[in-house]
Amino acid sequence: MNFRKDAGRLFKLALAFLFLFQTEHSFAGGFFIPVGFHSQMNMSLLAGDVHGSGNLDGMGGEAWFYQPFSSAVDASGNIYVADQMNNTIRKVTAAGVVTTLAGMAGVSGSADGTGVNARFNNPSGIALNSATGELFVADQLNHTIRKVTTAGVVTTLTGRNGVSGSSDGNPAALAAQFNQPYSTAVDGAGNVYVADSNNNLIRKITTAGVTTILAGSAPFADGTGTAARFRAPASTAVDTAGNVYVADSNNHIIRKITSAGVVTTLAGQAGSAGATNGTGTAASFNGPQGVAVDASGNVYVADAYNHLIRKITSAGVVTTLAGTAGVIGSTNGTGTAASFYYPLGVALDSSGNVYVADSNNYLIRKITSAG
């Protein structure tokens, strides 16, 4: 089964319903929202129109999107969206004002440039360097990694436009190649990590643009460097210690890679799809797509084919944050009362709010523990 095909449907984003959760349970250094806690949820529409797809900047419901794929959040609460089928990068302020930062809607290409002069081809993953404000985009069908400044200046960091491959190397020599890179993550030193999905690799790009293989090959094994195996890795996230977390989608597991390239399975059973909560291999996932990690080392997972948002502690304890396994919907609510439809991405802001790219509902949803 290919866990990407449903994500390619042509749909519209309504950037949207802000979910404010309250809970009696809190833990030092982080927060925990158990399924079924008793609280009230407040909702408001941030931006977008649920009735159609398209491209339109504007305020709140005036704005239109077309197949949002992933998002990143800066310290000011601005949300950056890889608006995949529009081939653009959009910016949404905390007040819901939507603008196009780079790219031209409906026009694919690979040109570097500023604003509407730049081109993308199916931009998928997006990550923010919090120190510089620069965005790094997995430009999937161009097989490249692009950099976008706060002024909308787009350059190609590495990779060869339209040429797939798996070579490492220096971008000046056009040596590095990717095969449909799916997501990006940035560590505190500015290194970029890429889920090079069709190569079954996790790649690392230094600040000088030098690309190497951090870990991987196919189909599954823990180990160090190239001794480790992945199967269609879909997303990456990096913690403050430099550990990289991977949604190993077709293996149905979440992996952890140390800065030394040592790969272990944090949670899930390789090759076994399910929705069980538990610790380590006692837990199960079904085509996990997006991952994000907070300052306490908790990992949040968009468990796409279970239609769930899951949470994994640093000890590998898996719980369901929201949704009911196998139940498709767009219901607002708390814990199992809420429902999703193929959530593909998760992102965290500095306050611990969780943003969900609820793909087939055409929504970006926000979950907060603040109540």
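Scroll up to find the structure this text is about.
Computed from a predicted model, the values in this text were never measured in an experiment. (Residues numbered from 1 in each chain as written. Predicted model: local features only at pLDDT ≥ 70, side-chain atom pairs only at ≥ 80, totals over all residues. Heavy atoms only, no water.)

K.L.:
Would you mind showing me how to read the pairing of strand β8 (residues 97–102) here?
P.N.:
For a regular strand, side-chain orientation follows a simple rule: the groups alternate between the two sheet faces. Summarising the sheet, strand β4 (residues 58–59) and β8 pair through two bridges and their orientation is antiparallel. Within β8, the position partnered with G58 by the bridge is V98. Sheet topology note: the strand β7 (residues 88–92)/β8 ladder contains four bridges and is antiparallel. For I89, the partnering residue across the bridge sits in β8 and is A102. Counted along the chain from β7 to the antiparallel partner β8, the turn is four residues long, and its residue G96 has a positive phi close to 95 degrees. (Pairing = 2+ DSSP bridges. Helix = DSSP H or I, 4+ residues; strand = E, 2+ residues; numbered from the N terminus.)

K.L.:
Explain the pattern of salt bridges here, please?
P.N.:
If the charged atoms of two oppositely charged side chains come close together, the side chains can form a pair. Inspection of the entire model under this criterion finds nine salt bridges. Between R90 and D57 there is a salt bridge, with its nearest N and O atoms 2.9 Å apart. In this pair, R90 sits in strand β7 while D57 sits in the loop between β3 (30–31) and β4, placing the two residues 33 residues apart along the sequence. A relative accessible area of 34% means that D57 is categorised as partly exposed. (Salt bridge = Lys/Arg side-chain N within 4 Å of Asp/Glu carboxyl O. Buried < 20%, exposed > 50% of the residue type's maximum accessible area, 1.4 Å probe, protein only.)

K.L.:
Sorry if this is basic, but what is going on with the environment of D74 here?
P.N.:
Looking at the element boundaries, D74 is found in the loop between β5 (68–73) and β6 (79–83). A C-alpha to C-alpha distance of 7.2 Å links D74 and L128, two positions 54 residues apart in sequence. Of note is the side chain of D74, whose polar atom sits 3.2 Å from the side chain of Y80. (Polar contact = N/O pair within 3.5 Å; in protein donor to acceptor, adjacent residues only side chain to side chain.)

K.L.:
Help me understand the sheet that holds strand β9 (residues 113–114) in this model?
P.N.:
Sheets are built from strands that pair by backbone hydrogen bonding, the pairs being arranged parallel or antiparallel. Strand order in the open sheet formed by five strands is β9-β13-β12-β11-β10, and the pairing between neighbours is antiparallel. Pairing within the sheet leaves two strands with one partner each, and these edge strands are β9 and β10 (123–128). With four bridges connecting them, β10 and strand β11 (residues 135–139) associate as antiparallel partners. Counted as the bridge partner of A127 is F136 from β11.

K.L.:
Looking at this structure, how should I read the packing of aromatic side chains?
P.N.:
Here a ring pair, both rings aromatic, is described through the centre-centre distance and the interplanar angle of the planes. The full count for this structure, using the stated rule, is three aromatic pairs. An angle of 85 degrees between the planes, with centres 5.4 Å apart, marks the rings of F69 and Y182 as edge-to-face. Of this pair, F69 sits in strand β5 while Y182 sits in strand β14 (residues 181–186), and the two are 113 residues apart along the sequence. By relative accessible area, which is 7% here, F69 ends up buried. Judged by its relative accessible area of 4%, Y182 is buried. When the centroid spacing of 4.8 Å and the interplanar angle of 55 degrees are considered together, the rings of Y305 and Y342 count as tilted. Here Y342 lies in the loop between β27 (317–322) and β28 (343–348) and Y305 lies in the loop between β25 (299–303) and β26 (308–312), a separation of 37 residues in the sequence. Here the aromatic cluster, defined as three or more aromatic residues joined through ring pairs, consists of Y305, Y341 and Y342. The ring of F178 carries R203 above its face, with NZ or CZ at 4.8 Å from the centroid. Above the ring of F285, the side-chain terminus of R310 is found at 4.9 Å from the ring centroid. (Phe/Tyr/Trp six-rings, centres within 6.5 Å; stacked < 30°, edge-to-face > 60°. Lys NZ or Arg CZ within 6 Å of the ring centre and 35° of its normal.)

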